[in-house]
Structure formats: C-alpha cells, structure tokens
Protein chains: 2
Amino acid sequence: MEQSNSSSKLHRNAIQVQEAQAIIQSHVQLGDCEHVDLSEAKGRYLAEDIMAPHPYPHFRRSGMDGFAIISGDTAGSSTENPVWLEVVDEIPAGSLPSVALVPGTVSRIMTGAKVPDEADAVIMFEMTETVVNQGRTTIQVKREIEAGKNVTPVGLELREGDLILEKGTFLSTGEISVLATFGVHQVSVFKRPTVAIFSTGSELLGVEEAIQDGKIRNSNTYMLASQVRDAGGDPIILDAIQDDLQIAKQRVEEAFHFYDIVVTTGGVSVGDFDIMADLVRGDEVTMLFNKVTMRPGSVTTAAVKEGKLLFALSGNPGACFVGFELFVRPALGLMQGSKQPFLTELTAVLGRSYEKINNFTRFVRGSLSIVDAQLVATPASLDESNVMITIKDSDCLIVVPPSSGVLNAGDKVKILRLSGSSI
Amino acid sequence: MEQSNSSSKLHRNAIQVQEAQAIIQSHVQLGDCEHVDLSEAKGRYLAEDIMAPHPYPHFRRSGMDGFAIISGDTAGSSTENPVWLEVVDEIPAGSLPSVALVPGTVSRIMTGAKVPDEADAVIMFEMTETVVNQGRTTIQVKREIEAGKNVTPVGLELREGDLILEKGTFLSTGEISVLATFGVHQVSVFKRPTVAIFSTGSELLGVEEAIQDGKIRNSNTYMLASQVRDAGGDPIILDAIQDDLQIAKQRVEEAFHFYDIVVTTGGVSVGDFDIMADLVRGDEVTMLFNKVTMRPGSVTTAAVKEGKLLFALSGNPGACFVGFELFVRPALGLMQGSKQPFLTELTAVLGRSYEKINNFTRFVRGSLSIVDAQLVATPASLDESNVMITIKDSDCLIVVPPSSGVLNAGDKVKILRLSGSSI
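Residues numbered from 1 in each chain as written. Chains lettered and ligands numbered in written order. Predicted model: local features only at pLDDT ≥ 70, side-chain atom pairs only at ≥ 80, totals over all residues. Heavy atoms only, no water.

**Observations regarding the pairing of strand β13 (residues 186-190) of chain B**
All names here are of chain B.
Reasoning step 1: With four of five residues buried, β13 lies mostly within the body of the structure.
Reasoning step 2: Judged from the five bridges that link them, strand β2 (residues 33-37) and β13 form a sheet pairing that is antiparallel. From the neighbouring strand, E34 faces β13, where its bridge partner is V189. (Buried < 20%, exposed > 50% of the residue type's maximum accessible area, 1.4 Å probe, protein only. Helix = DSSP H or I, 4+ residues; strand = E, 2+ residues; numbered from the N terminus. Pairing = 2+ DSSP bridges.)

Put into structure tokens, the structure is as follows:
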C-alpha cells in the first residue's frame, strides 16, 4: 500500500494577491454608523459628506494689526509727501466697527477683526506713525496702499455649500480643525469594527508564562491587536484555540456571533495538526481562498459566514504580519468606508541587492530613507517568515516579483508603505 | 506730543528657530514613569532598557513541515538513487522529541517544532514520498540535503542579554510584538504629559455656538488637542481666557498647578489687546523667548515657571499649528524620553515654484508625493498664516530660508515631515 504525499492533503488552488484582495473587497459589508462628539472623532472615518454651512471667512477679515483705510486716501503719498488720516474707531478681534468711515478717516483694527464695509485695505501698524494732539489721533502714511491689501475676502477658503469633507475621510488634526471652524461639533462616523483574535496551536505559552523547551509565547495576538488598532478596529484577544476541531468550530462560531470579524493565527499550513484548514472546509463557512501566490504567508486563508469575514493567518510572525497588512487591514478600512483601504504603493530605489529568487511574489520587510530627495528601500537583514525581530524596524514591504532574478542596489522597486513608517 | 509706533510696545528680540528649540530642550524636565500592561503600552515611550531574558529562538526550530533528518544520510542520493529513511517519531509544534534519532531514521516534524538534538536538517514534506508497509513508515528522499537546512539555530535573532529595546523607544506594533515574544508583559513607560490648552481673546465663539458677524469659532483648541494626542500627550481644553490680565494670570497659575505644560493660542501679536505678552513679563514666570525669526508664528512665546513650560502660540490657525510642531511637540517628546523629538528633516524636490520672499525663514505647508522614486513637496495653494483649510492636506512644512529668492519647481528643498503624512 503506497500513499503519495507529494501534493498536500488539502487541495489548495493558489490565486494572485490582487485577486484575493478583490474577493475580500466584494465580500466586505460597510459597517454601521454612530454619532460622536468632535473631541472623540479623531482617528475615525466620516460617515457623511460635510458641506460648509457658511462661507469661510464669513466676514472680511483683517490679516494684520494696523488701520483699516480707504485705499484711495493714500494715492500719491510717499516719504516726501505723506498723507495724514484721522483714527475714528478701534476694532478689536471679535468686535464690530462702530463708526462708518468717510474719506480721510481710518479705524484702528486688530488681526482677525472685521474690516469696516467702507474700508478696502489694512495698513500694517508698523508702517505708520501715530500722533495724538488735543484728543485727536492721526496717523502718517508714507506710501500708497493698494485696494485689498491685508483684507481676506469672504469665502476665500470655502464658499457656503462647498464640500468640506467627503464621506470616508479619515479624521486627523486638519480635519478636526476644519470641522470645529464650521461649528460641526458632532459627526457621524463608522463604528470601529470589533475583531476577535484567536491563536491556535498547543505550542503557545501565555505571555506571562515562563519559557519552556519547544514552546514559544503567543506574541502574534499582541501584534495583531496592535495592527487592528492601527487600522481603526477594536481588538478582542480571545483564549488560544487548542488542536481540537470540534472545540475550534464552536469557539469560532461564538466569535462570529459577537464580533464583526474573526482573525486566527497559526494552524493554516499543510501539517497534520492544522485545524483551520479543516474548519473552513465545513458547512458552517464558505471558503473564499486558501492559498495566495505570495511569500511569506502563501497559506493565508479567508472565509465568510453570513456576511462576516474570517481570516486564518499563518502562525509565523512575519507571514502573519504580512497577511494582516495585505488582507485584513483593507477589510477593516472598507468596513469603515475608507477611500484608501490598501497600503500605499510607491516606487523606490533598492538600497542593497536582494538575491532570493522565488516562484511567488515576495513581500520583503524593509526600511525607508530619503537620500538626496530619493526614496531608498533597504531589505531587512533577516527576512525569513518566522523572524519576528525585524518587524519593528520595518517601514515598508518591498514587492519582489516572481522569478525577477537578482535585484541590484539602485534598481527601481515597488514598495508598500506600512502605517508606522518613519518616512 | 508725538508718540512713535514704529517699534512694537513690547521689546521682542527675535531668535533663530534652532536657538529657540535648544532653549526649550534645556528647560524640559523628563516626566515620571509608570508601569503598564503590554496591551496598554502601544503609543507610549519606554522608560527602561529591555534586555533579552533568553536567546531567541531558544531552541533549534524547524522552519518547515517535513522530516528532521541526519543530513549525512542523504549523501549521494538522487532521483536515480533515492535513499529510504524510517520515520520513528512525530513532533508537533510545542512538543518535544520522544525518540533519539540514529542514522537511517527521521522524525516527522511540524513548522516551529523543536528539532531533535541528533538531527541537523529538515527536509520539506513535499520533497518526499511516504510509504507505509506492515506498520513501518519510510520516506524516499531523492536529493542531498545540506546540514542546517530549514533549522533555525538558537539565538539567530537575539542572544540572551542583547539589548532588545532602548529606553525612549516609541512602542508600536513591532516593539509590542517583540516584548510579547520575550514575556515582557508589563513595561515601564513615561507618563503622558498633561497639557492645559487655553485660547484667549473675546472674538472666539464656542464650537456649538451659532456664527456671529465679526467672530470666529474657537477651532485652535480642537486642533491643538489633536496635535497633543499625536505627540503622546493628554490634552485638557480649558475655558477661553477673556481679555483681562488679572484673570488670565490667575487661570494660568491654576493650570500650572494641575498640569504638566500650558499652551495658549491667541493674544501674542503686537496689538493693543494682547494678554499673553503682558503675562510673561510678570514676576510669576520667566520668559524664554518671545519672538522667533520664522513665518508664520514669529511672535511665538515660551516661558517657564518652576520647571513647567508655557507656550503662547499665535491665534492664527496656520501659525498656531507651526508653533506647536516646532516647539511644543519636541517638548512633549523630550518629556517622554523620545530620542527623536523633532520633526524629521528630509530633502525633497519642489513640485511647484514658490515666489514669496521673506526676511524670516518661512515654513510653508505642503503635500508630499513620490514620483518615480523621488520625494516631491508641493506648496499648498493657500498658505497664509490665517488660512486653516489647507492644514488638513499638509504632509510637511517646506523650509524656505530667508531671502532665498524665488524657488523653482525641481529645486532641492529641506522639508519637515508632519506626523500625519501620507508619505
């Protein structure tokens, strides 16, 4: 009796990374929305278009501390022939003019204050000399001031009804600031997807446990939790799944009930003790793919159950990391309406030769630097899929196409920028 | 009676940006530490050096699903002359070998499992054929396997006692992961500095208030709160300070008592209604500088009281933003032990000409892109200091030196990368 092992026990039909990403994209369901106070909106994705409720600025604003003037009054003035103008009002920021200007008169005005309707320019305080004489204050102006000088017109930045921020926009400092400016103190944002994280495999020790021969600590769940947070999700680390198919099925079932998405790490290679491979062959879930033409992480598996996604990532830290970045991060972004859910692809120059050749596309962890305005990507010195230490120094994944031959320093390469990149 | 206004009423001795930063640096006090669980450590700065408590990996680890072998057994084997080896053990990940290998025997082994001491290589499962006959399992190997193949040696990534992470390291995904791997489930981190944020000036409306002629909403406090969070601090927005020196003094006094650092926005220009300028001339605080040779934000002011820093930033949104990034962000970083508290300086190519000429260094908001591996910085179309809208589209500050003349598209420029940059 002869039994062949030259093909794996589970049929795996490898698909391209982009194909796998498209499948994920077609199965993602947009998440629910919630209203939050603006002070809590940082790091969330907008769930509505925001239009300007009024122009900005909404009044003609002085750009300087100085004097609001009728520019025509300065026609012909020079150092030799200065003009004298009478100060008839004082307008602090936040106040309104109290005197209508007539030719020959000016208003003292502060930066940001409303320019009187009759004035068409502001002259800088430092460009004038003030004389107080018998209760009358006059200023001397020694140059011509053109109309419009230091006056910000109504609607310069935005007109009423202009789109300020589009649905799906990630809210960061600048966006928060513009919303505050327009009085948008509550916004509709997408809920943070809840992500159940399981590790599988009895080789795993808890992070608090003493080290044991042959066993490693369960670090991938911490790594994944951090990646989930970076992607705007809310991670929930659940107890590791041991190598028992029935218990695994039951626990994944429960996770699907309570959380928006399920991520497992470990147990997806072709070994005899892999649980996830069996699990996604059952009736409970629909397998989307179970092999991708990539290194590391070729056995990355995705499945769907009643609209909820399951990702079974490799147990190797490097492969788990890459699998998350390529598939789970985009899913979390899409659930939150993100317009740019995928890692940004850029062209860089290779900082050091890369000689490993593969039949699959390889995603090599690397660091980024700018050398004389050029983006340089340097492969990590240890890039095996089970190497964990270089993840912390990685700014990007260098995309090495299959059978590309040796890549030399200076060659142009595609890179995917990671979210924590220092460049 | 004649009174000259050609110099400002408050003496301001302008210093260079780097000089101002050095002064801040010399007055920053390193913050206190606290112990946090690893799951809460993301985004914090490490307050201790972390050494590896054991080598990593700490056992000889299989990099493949396959068979642990004595490589010498495969000497001379080929397709024509395959060698047959007997399978005597099965080692799942997390388990220990139970049989000592002798020449001619192998152990079935899973990825990540401990390689038996007698074996010096692992052959991939897919490279073998298995035959089961009368209870004996043998594999056929058709090539020579070199010693060390698919075996990760002890300490490949880190040896015991190696420095894993240095004090002052920012903890992100990779760092969290490595700490989990070594069982460091609690770490000492620097406390988040608490930052009191005041706006000043009666022109400000609350964000919830309806718009009024001549008044703008208090958006800078929201902007600053977001910047503080990005810099690792804990923002506390306090009620705006009205234009009353005594009340302002009292409230700043209180803020110094309760918080680690005080930031104000508004009231620092040379107008008649500026409060902060008066405040920092009092006995209560020591003024560090009150003018910097930069645009926007030249009137940025810093002071110190009993070791705590006060920053009085401009009320113009653009100037306030830049003042924070150049001075407050580094202070917050230094308080948390950061090794790189300042914005990263890079060289880029200018994407569009920039023609504004100034006697001070100008920090122009810009966007970044990578075009054919080159870093391109494009100035914002609206970059006046009181323009708020383009802050959200900014990836960098382009550093335009004083009197540099017109900068042309394609010129090399220095840029400071902002934390929310898409590149």
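**A closer look at the sheet that holds strand β14 (residues 194-199) of chain B**
Residues and elements named next belong to chain B.
Reasoning step 1: With mixed pairing, the six strands of this open sheet are ordered in space as β17-β14-β18-β22-β21-β19. In this open sheet, the two strands that pair with only one neighbour each are β17 (234-237) and β19 (286-289). Within the sheet, the average angular offset between the axes of one strand and its neighbour, ignoring direction, is 25 degrees.
Reasoning step 2: The pairing of strand β18 (residues 261-265) with strand β22 (residues 308-313) spans five bridges and is classified as parallel. Note that in β22 the partner of T265 across the bridge is L313.
Reasoning step 3: Its contacts with the sheet place helix α6 (residues 317-335) against β14, β18, β19 and β22, and it is angled at close to 170 degrees to β22. (Axes fitted to C-alpha atoms, helices over the stretch in contact; angles between N-to-C directions. Contact = heavy atoms within 4.5 Å.)

**Focus: the interface of chain B and chain A**
Reasoning step 1: Contact residues are listed per partner, giving 98 residues for chain B and 96 residues for chain A.
Reasoning step 2: Here chain B packs against chain A, burying approximately 8,800 Å² in sum over the two surfaces, 58% of which is carbon and sulfur.
Reasoning step 3: Counting across the chain B and chain A interface gives six salt bridges.
Reasoning step 4: One salt bridge in this structure joins A:K114 and B:D213, with 2.5 Å as the shortest N-O distance.
Reasoning step 5: Put simply, chain B and chain A have 35 residue pairs in polar contact (both at pLDDT 80 or more) between them.
Reasoning step 6: Tallying contributions element by element places helix α2 (residues 173-181) of chain B first for the side of chain B that touches chain A, with eight residues.
Reasoning step 7: The residue inventory of the side of chain B that touches chain A, partitioned by class, reads 40 nonpolar, 35 polar and 23 charged. (Buried area = accessible area lost by both parts, 1.4 Å probe. Salt bridge = Lys/Arg side-chain N within 4 Å of Asp/Glu carboxyl O. Polar contact = N/O pair within 3.5 Å; in protein donor to acceptor, adjacent residues only side chain to side chain. Nonpolar A, V, L, I, M, F, W, Y, C, P; charged D, E, K, R; others polar.)

**Quick word on helix α3 (residues 220-230) of chain B**
Reasoning step 1: Taking burial as the measure, the eleven residues of α3(B) include nine buried ones, the bulk of the element.
Reasoning step 2: Of all the positions in α3(B), only B:N220, B:T221, B:Y222, B:M223, B:L224, B:A225, B:S226, B:Q227 and B:V228 are classed as buried.
Reasoning step 3: Structurally, α3(B) contributes buried residues whose contacts are with α2 (173-181) of chain A together with β14, β17, β18, β22 and α6 of chain B.

**Focus on the pairing of strand β26 (residues 396-400) of chain A**
Residues and elements named next belong to chain A.
Reasoning step 1: Most of β26 sits inside the fold, with five of its five residues counted as buried.
Reasoning step 2: Residue alternation in β26 divides its side chains into two sets, C396, I398 and V400 and L397 and V399, and both sets are buried.
Reasoning step 3: Pairing analysis gives five bridges linking strand β24 (residues 361-371) to β26, with the strands arranged antiparallel. Considered in β26, the bridge of R362 is made with V400.
Reasoning step 4: Note that β26 and strand β27 (residues 412-417) share four bridges and pair antiparallel. Directly across from C396, in β27, lies its bridge partner R417.

**What to know about the relation of the copies chain B and chain A**
Reasoning step 1: Mapping chain B onto chain A calls for a rotation angle of 180 degrees and an axial translation of 0.0 Å; the resulting RMSD is 0.0 Å. Accordingly, the operation relating the two chain copies is best matched by a two-fold axis. Using C-alpha coordinates, one finds that chain B approaches the rotation axis most closely at B:Q374, a distance of 2.3 Å.
Reasoning step 2: With an isologous cut-off of 70% or more, the 98% of interface residues of chain B that recur at the interface of chain A puts this contact in the isologous class. (Least-squares fit on C-alpha atoms with pLDDT ≥ 70 in both.)

**Overview of the confidence of the model for chain A**
Reasoning step 1: Of all residues in chain A, 94% attain a pLDDT of 70 or more, and the chain-wide mean is 91.
Reasoning step 2: Segment residues 1-8 of chain A is flagged for pLDDT under 50; beyond a separation of four residues in sequence, or across chains, it makes 14 contacts in the model. (pLDDT = per-residue confidence, 0-100.)

**Side note on the sheet that holds strand β22 (residues 308-313) of chain A**
Residue and element names in this part refer to chain A.
Reasoning step 1: The strand order across the open sheet formed by six strands is β17-β14-β18-β22-β21-β19, and the pairing between neighbours is mixed. Strands at the two margins of the open sheet, each flanked by one partner only, are β17 (234-237) and β19 (286-289). Across the sheet, the axes of successive neighbouring strands diverge by a mean angle of 25 degrees, strand direction being ignored.
Reasoning step 2: As defined by bridge partners, strand β21 (residues 301-305) adjoins β22 across five bridges and the pair is classed as antiparallel. Counterpart to K305 in the pairing with β22 is K308.
Reasoning step 3: Each of β19, β21 and β22 is contacted by helix α1 (residues 17-27), which is oriented at about 140 degrees to β19, the strand it contacts most.

**Concerning the packing of aromatic side chains**
Residues and elements named next belong to chain A.
Reasoning step 1: Applying the stated criterion across every chain, the model contains ten aromatic pairs over all chains.
Reasoning step 2: Relative to F125, the ring of F67 has its centre 5.9 Å away and its plane inclined at 20 degrees; by these criteria the two rings are stacked. Separated by 58 residues along the polypeptide, F67 in strand β5 (residues 66-69) and F125 in the loop between β8 (121-124) and β9 (128-133) bring together distant segments of the chain.
Reasoning step 3: Pairing F289 with F327 gives two aromatic rings, centres 5.6 Å apart and planes at 55 degrees, and the pair type is tilted. Separated by 38 residues along the polypeptide, F289 in strand β19 and F327 in helix α6 (residues 317-335) bring together distant segments of the chain. We note that F289, like F327, is buried.
Reasoning step 4: A cation over a ring is seen here: R108 above F67, with NZ or CZ 5.5 Å from the ring centre. (Phe/Tyr/Trp six-rings, centres within 6.5 Å; stacked < 30°, edge-to-face > 60°. Lys NZ or Arg CZ within 6 Å of the ring centre and 35° of its normal.)

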